[in-house]
Amino acid sequence: MEHIEPIIAQQKDRAKPPTGKAFLLGVAGIVLRLAVCQLMVNALIMLTGAGLFNVAFYLYAVWLLLSFMRRTVAGYTYTLKETTLILQRQSGDSTTALVEIPLEAIRAVRQVAAGERLRLYYRQVTAVDPKSAPGGRMRLAFALSLFSARMARLAAGKRAGEAVGYVVVYEEGGQLRACTFRPDEDFLAALGDAVGERFCADDREAFRGMSTLYARALKRAFPAQYPTVDPLVDERELEAARAEVHARREQRRAKAAQSAEPKGERAAAPEGTAKRRRAHAGQDKKTGKREQDE
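Cut-off values and rules
- Residues numbered from 1 in each chain as written.
- Predicted model: local features only at pLDDT ≥ 70, side-chain atom pairs only at ≥ 80, totals over all residues.
- Heavy atoms only, no water.
- Salt bridge = Lys/Arg side-chain N within 4 Å of Asp/Glu carboxyl O.
- Helix = DSSP H or I, 4+ residues; strand = E, 2+ residues; numbered from the N terminus.
- Buried < 20%, exposed > 50% of the residue type's maximum accessible area, 1.4 Å probe, protein only.
- Core = buried A, V, L, I, M, F, W, Y, C linked by side-chain atoms within 4.5 Å.
- Contact = heavy atoms within 4.5 Å.
- Phe/Tyr/Trp six-rings, centres within 6.5 Å; stacked < 30°, edge-to-face > 60°.

**Focus on the pattern of salt bridges**
Consideration 1: Inspection of the entire model under this criterion finds ten salt bridges.
Consideration 2: Ionic pairing is found between R107 and E171, a salt bridge with its closest N-O pair at 2.7 Å. Residue R107 is located in strand β5 (residues 106-113), and its partner E171 is located in strand β7 (residues 163-172); the two are separated by 64 residues in the primary sequence.
Consideration 3: Judged by relative accessible area, R107 falls into the partly exposed class, the value being 37%.
Consideration 4: With a closest N to O distance of 3.6 Å, E162 and R159 form a salt bridge.
Consideration 5: Classification of E162 by relative accessible area gives partly exposed; the value is 39%.
Consideration 6: The partly exposed category is assigned to R159, whose relative accessible area is 22%.
Consideration 7: Sharing partners across several salt bridges, the network here consists of R110, E116, D202, D203 and R204.

And the structure:
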């Protein structure tokens with residue numbers, strides 16, 4: 001007889017039907033994106049003569065529709081059993097198990113912010129709930145970080161530090177993988193009791209010293225989200241350079257003050273000194289005239 005594991009905790013998030021305004025805005029956004037994509041595909045076909053670009057357009061259209069349906073129709077079920085964590089997606093009457101994780105394989109469960117690029121650390125990242133993913137705005141900021149940290153911060157705004165959910169880091173096939181979801185307080189408390197010390201553990205310590213160009217660019221743009229990544233410039237070297245620049249500025253100010261002092265002293269010289277100088281000058285002139293007469 002097959003053993004059925006008892007359910008310790010379960011959370012069901014049913015899809016909330018969108019309002020009329022939200023639905024119309026979503027449809028308008030899809031139509032606009034498809035129109036822009038169609039113009040680009042037509043231009044590429046004219047330039048290259050390759051009709052295969054139409055296939056890419058159709059794939060993009062299907063992806064857009066599925067993403068829209070997932071945001072508006074799909075619901076999610078999180079189930080915690082004695083030895084397993086199961087994360088499922090519901091679309092109508094059908095249920096699909098996205099991730100099934102043995103509790104012993106879990107390495108960490110912690111909160112994740114929108115500005116954290118999890119793919120830096122893990123080979124595979126599954127966003128069970130789309131709201132727990134960074135989103136298009138943050139993906140743009142990630143790309144801009146390679147060119148300008150300031151532009152990346154402007155694109156991200158305040159969203160970079162916002163908590164979007166929790167990440168479960170687990171080992172499968174000898175590799176670390178991750179999935180993000182949005183549990184409520186009750187489910188989170190039950191999961192914390194099940195995994196013990198691994199709850200709220202910072203698994204990023206295993207990646208301390210990461211020095212890839214992309215990781216360092218993200219560190220420069222969003223330093224609080226990447227504490228274990230080596231910065232582009234060492235903080236001690238940066239402080240030394242700032243101190244040197246400050247010292248040079250002080251030296252220039254001191255030289256400028258010294259060069260201005262003699263002018264002031266000459267202007268404030270006593271009248272007696274000026275008279276003596278004029279008297280000496282008159283005597284020199286008289287002596288010169290005598291020598292010329294002789």
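**Regarding the nonpolar core**
Consideration 1: Of all hydrophobic cores here, the largest spans 29 residues; its most connected members are L120, Y121, Y122, M138, M210, F222 and Y226.
Consideration 2: Looking at this core, the elements with two or more residues in it are β5, α3 (136-144), α4 (149-156), β7 and α6 (213-221).
Consideration 3: Sequence-distant contacts of F222, that is, excluding residues within four places in its chain, are made with G115, M138, A141, F142, A152, R153, A156 and A160.
Consideration 4: Counting residues in hydrophobic clusters, the runner-up holds 23 residues, among them Y76, I106, V109 and A190.

**Remarks on the packing of aromatic side chains**
Consideration 1: Applying the stated criterion across every chain yields a total of seven aromatic pairs.
Consideration 2: Between Y122 and F207, the ring centres sit 5.9 Å apart and the planes meet at 85 degrees, which makes this aromatic pair edge-to-face. Residue Y122 is located in the loop between β5 and β6 (124-127), and its partner F207 is located in the loop between α5 (185-195) and α6; the two are separated by 85 residues in the primary sequence.
Consideration 3: For F207, a relative accessible area of 18% gives the class buried.
Consideration 4: Taken together, the aromatic side chains of Y78, F181 and F187 make up a single cluster linked through ring pairs.

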